[in-house]
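For reference, the chains in residue letters:
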Amino acid sequence: MAYLKPPWFVAKIFNKFAMATGVGNSETLTVTKRGSGLAQHIPVVVPELNGVKYLVSTRGESQWVKNVRADPRVTVGSTPYLATEIPVEQRAPILAVYKPKAGRVVDGYWRELPEDADHPVFALTPAG
């Protein structure tokens, strides 16, 4: 699986800013790290299609994706969810809703990772 590692500035500065301010329609995703069991916090843009919310990995096979696969219990903001991975052949309509919501900042990721298979997608089912 492909993965685009974020630059230092994004990982250490911008992500914290995005989670604190909600810039770019971002919300905070909290997952459990599969090795340590500690919480991992990531800013995400959560598209909604036909009443279902989704997580989309713009950078491909990221650590948060691996963590969600290991433990699908996640939180977006303060709402708990169960995440279920969407098969590649069902991702296109979700990605079509995601890209405009996320904005032009994600265009570069799709230039480098152009296939739907490059972007894991998870449906969120409320777990409350």
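Note: the structure precedes this text.
Residues numbered from 1 in each chain as written. Predicted model: local features only at pLDDT ≥ 70, side-chain atom pairs only at ≥ 80, totals over all residues. Heavy atoms only, no water.

Draft legend 1. Layout of the environment of K101. Turning to its location among the elements, K101 is positioned in helix α3 (residues 92-102). Separated by 53 residues in sequence, K101 and E48 place their C-alpha atoms 9.7 Å apart. Those residues in contact with K101, other than ones at most four positions away along the chain, are G24, N25, V45, V46 and P47. In terms of polar contacts, K101 uses its side chain to reach the backbone carbonyl oxygen of V46, at 2.9 Å. (Helix = DSSP H or I, 4+ residues; strand = E, 2+ residues; numbered from the N terminus. Contact = heavy atoms within 4.5 Å. Polar contact = N/O pair within 3.5 Å; in protein donor to acceptor, adjacent residues only side chain to side chain.)

Draft legend 2. The arrangement of helix α2 (residues 63-70) in detail. Residues of α2 that are buried: W64, V65, N67 and V68. End-on, the buried residues of α2 take up no more than an arc of 160°, which puts them together on one face. (Buried < 20%, exposed > 50% of the residue type's maximum accessible area, 1.4 Å probe, protein only. Arc of directions from axis to C-beta.)

Draft legend 3. Molecular detail of the environment of R69. For R69, the location among the structural elements is in helix α2. With a relative accessible area of 34%, R69 lands in the partly exposed category. Taking the C-alpha atoms as reference points, R69 and T84, separated by 15 residues in sequence, lie 8.4 Å from one another. Ignoring anything within four residues of it in the chain, the contact list for R69 reads E61, E85, P120 and F122. A polar side-chain atom of R69 sits 2.8 Å from a polar atom in the side chain of E85.

Draft legend 4. Seen up close, the side chain of H119. For H119, the location among the structural elements is in the loop between α4 (107-112) and β7 (121-126). Engagement of the side chain of H119 in a polar contact is seen with the side chain of W110, the distance being 3.5 Å.

Draft legend 5. The arrangement of the pattern of salt bridges in detail. Evaluation of the coordinates by the stated rule reveals four salt bridges. We note a salt bridge from R69 to E85, for which the minimum N-O separation is 2.8 Å. Highlighted residues: R69 in helix α2 and E85 in strand β6 (residues 79-85), separated in sequence by 16 residues. You can call E85 partly exposed: its relative accessible area is 31%. Close ionic contact of D71 with R73 constitutes a salt bridge, the shortest N to O distance being 2.9 Å. Residue classification places D71 among the buried residues on the basis of a relative accessible area of 14%. Here the salt bridges do not stand alone but share partners, grouping E61, R69, E85 and R91 into one network. (Salt bridge = Lys/Arg side-chain N within 4 Å of Asp/Glu carboxyl O.)

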